[in-house]
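# A look at the structure
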Amino acid sequence: MDNRKTLTNHVRRMAEGFVGMGVAHAVISPGSRSTPLAYALASTEQIDVHLHVDERSAGFFALGLAKATQLPVVLLCTSGTAASNYHPAVTEAFYARVPLIVITADRPHELRDVGAPQAIRQMGIFGPHVKYDVDLPIPEDSSAVDDFLDRQIARAIGMAVTEPKGPVHLNAPFREPLLIDFEQELPTVTFMERISGHTSLTTEQKNQVSDLIGSAVRGVLVVGECLPGFDKKQVWEFAKSMNWPVICDPLSNLRSEVPADCQHLCIDSYDALLKNETFAAQAEPDTVIRIGPQPVSKPLTLFLKKVRPQAFIVVDESPIFRDPLGIATHHLQVSANEILSVEATAHQDASFTEIWSKANELAGEMTERYRSKEVHEGDYVRTLLASLPDGCDLISGSSMPIRDLDTYFRKTDRDIAIFSNRGANGIDGVVSTALGIQTARKRPAWLLIGDLSFMHDVNGLLISRMQKMDLTIIVSNNDGGGIFSYLPQSSIPNHFEQLFGTPTGLTFAPLAEMYGIQYDSISSIEQLEGQLAKEKTAPLRIIEMISVREHNVQAHRELWSAIGEELDRNGV
């Protein structure tokens, strides 16, 4: 077999292996050394190929695809610093438990560490942020190499989709020439069938869990981020049978499509409630079951850490369970469905549940009614949420956007799914992640993002020149880093604006014009309502909301204070 046939066999084996292991999407950044594998992926009908010229944005686009589908996505780049640009997305994927198959094309071994161009040390480049990495062999006419290649792909993808899910790294060296034979017959790949079971409880363990849950008198269910496919119905059946309040993080997606008979158990204003010391003292649980990662809310985190419930049960399919508070008393390494289906006799104190429900309604009503003198981000977000159509997705940036959603996104019967990058909580790559989610889910999507976070990933918009998108981007422009105004740094005027506020004075009309994006700028609620009522005339749209950081801080604090006064007035 000549060199070209050998190379073709090698890369097509890889592509066929990916298909056999469930890969349906590949994100490719153009480059020379990755040419043969890029050709193989592009000519494989079962794989949708997405081109993105910026590797950092490409990584987050692939992350969005994988997050939305919960299936492994291939991410391919050429050698050199192209691989380095994947690191932020790989890090987020690792901590968010998202399955990425990161492939870095490489120079052959004889060109490493000898001063060859675009040759860096790629093995180990992602350090502890990948679950598995392997340096694949140079293409060779050898059945032993073929077998090794097949099994490495099966092993790597198996690692990526096993709890905790996460990224894996395949380093793929190629020698020149790099062209393949498109007419060559596909190789015969013997797929290693992968049968993955799920951990389940024995009868004895079910009885133990049943006793633990049933002994609760002041039980609370806390639900963090839940990704597509999670059985929300089972949560509500459990909550109703036990009469437990459910603290619903916005990323739990439990605030959408809430059953009518469970509305009183859906606690969505806990962030504001737990700022009130009187309420917090009455609302202390003796038992907590947490599903998913710890929610966004800092008041909830401080509350649980202070209370240290007698039983704090973390449900996590991974042995690397998440316990940032250091208060877990039990780790149940099974799926949430396994725990929620355990039958237990409820001994819940009805008055305890009533305290949570009544306070939540008071806080929710106050949040809906409250209006400050000056327009602020919260008013904008509340208006946006009221206008979102049934059957759409909302992707949130970190920092203030996700916290505003926590405050203003109340229980609804609409189908609105919320996503955010909360693995590492970074503000980079959010635009690309949103575009990846929209591409995978194929329904209208909205992105709520701050101005600095948007600037971090404006290159993510490049992919919109190569494929169709349907995304409305709501940029909250307060001319800087709004989250810092809520932190202790803001009390010290020296260097605050220089080091933390970081105002740029930029608006995004010229950017929208460059990309051919529909654009509007608003500075009042009336203007926002008018723009939201307008028809979307382009695949991408930007609505830039202008606000003042100081007004945002003042309005949030006034709302929290008003909720506290309302709770005290009603004796809750």
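The present account deals with the structure reproduced in this document. (Residues numbered from 1 in each chain as written. Predicted model: local features only at pLDDT ≥ 70, side-chain atom pairs only at ≥ 80, totals over all residues. Heavy atoms only, no water.)

## Points about the nonpolar core
Stated formally: Nine residue types can take part in a nonpolar core, namely buried Ala, Val, Leu, Ile, Met, Phe, Trp, Tyr and Cys, and a core is a set of them joined through side-chain atoms within 4.5 Å. The cut-offs for exposure are 20% and 50% of the maximum accessible area for each residue type, with area from a 1.4 Å probe on protein chains only; residues under the lower value are buried, those over the upper are exposed, and the others partly exposed. A contact between two residues is defined here by any heavy atoms of the two lying within 4.5 Å.
Counting residues in each nonpolar core, the largest one holds 56 residues, and the members touching the most others are Phe 279, Trp 356 and Leu 394. Dropping the residues within four chain positions of it, Leu 394 is found in contact with Leu 385, Leu 388, Leu 405, Ile 416, Ala 417, Ile 418, Phe 419, Trp 446 and Leu 448. Membership of the second largest hydrophobic core comes to 51 residues, among which are Leu 65, Ala 434, Leu 435 and Tyr 515.

## Quick notes on the packing of helix α14 (residues 377–387) against helix α20 (residues 525–533)
Here is the rule: Under this scheme, a helix contributes an axis fitted over its contacting stretch, all axes are lines through C-alpha atoms, and angles between N-to-C directions fall in the 0 to 180 degree range. Helix and strand assignments come from DSSP, with helices taken as H or I runs of at least 4 residues and strands as E runs of at least 2, each series counted from the N terminus. Geometric relationships in this document are graded by angle, where less than 35 degrees denotes roughly parallel, more than 145 denotes roughly antiparallel, 65 to 115 denotes roughly perpendicular, and other angles denote oblique. Should the near helix be turned anticlockwise from the far one by less than a right angle, the crossing is left-handed, and should it be turned clockwise, the crossing is right-handed.
At a minimum axis separation of 10 Å, α14 and α20 run at an interaxial angle of 25 degrees. Put simply, α14 runs roughly parallel to α20. The crossing of α14 and α20 is right-handed. In this structure, α14 uses Asp 379, Tyr 380, Thr 383, Leu 384 and Ser 387 to contact α20, whose residues at the interface are Ile 525, Leu 528, Glu 529 and Leu 532.

## A look at the pattern of salt bridges
How we decide: By definition, a salt bridge exists where a carboxyl oxygen of Asp or Glu is found within 4 Å of a side-chain nitrogen of Lys or Arg.
According to the stated counting rule, one finds 25 salt bridges in the structure shown. A salt bridge links Glu 361 to Arg 410; the nearest nitrogen and oxygen atoms lie 3.9 Å apart. With Glu 361 in helix α13 (residues 350–369) and Arg 410 in the loop between α15 (400–408) and β14 (416–420), the pair connects residues that are 49 residues apart, well separated along the chain. Looking at Arg 410, the relative accessible area reads 16%, which means it is buried. Through salt bridges with shared partners, a single network forms among Asp 268, Glu 361, Arg 410 and Lys 411.

## Examining helix α8 (residues 232–242)
Among the residues making up α8, those that are buried are Gln 234, Val 235, Trp 236, Phe 238, Ala 239 and Met 242. Those residues of α8 that are buried are in contact with α7 (203–214), β7 (219–223), β8 (246–248), β9 (266–267), β10 (287–291) and α12 (336–340). Two residues or fewer after α8 comes Asn 243, characterised by a positive phi angle close to 60 degrees.

## Here's the deal with the sheet that holds strand β18 (residues 540–546)
For clarity, the threshold we go by: Strand pairing follows a simple DSSP-based rule, namely that at least 2 bridges must link the two strands.
Read across the open sheet, the six strands follow the order β14-β13-β15-β16-β18-β17; overall the sheet is parallel. Two strands lie at the open edges of the sheet, namely β14 and β17 (518–522), each paired on one side alone. Mean inter-strand twist for the sheet, computed between neighbouring axes without regard to direction, equals 20 degrees. In this structure, β17 lies alongside β18, joined through five bridges in parallel fashion. Within β18, the residue paired with Gln 518 across the bridge is Arg 541.

## Here's the deal with the sheet that holds strand β2 (residues 48–51)
Taken in spatial order, the six strands of this open sheet run β2-β1-β3-β4-β6-β5, and their pairing is parallel. Sheet topology places β2 and β5 (133–135) at the edges, where each strand pairs with a single neighbour. Within this sheet the neighbouring strands show an average axis-to-axis angle of 20 degrees, counted without direction. Relative to strand β3 (residues 73–77), strand β1 (residues 25–28) runs parallel, the two sharing three bridges. Note on β3: the bridge partner recorded for Val 27 is Leu 75. Here helix α2 (residues 35–42) sits on the sheet and contacts β1, β2, β3 and β4 (100–106); the angle it forms with β3, its principal contact strand, is near 145 degrees.

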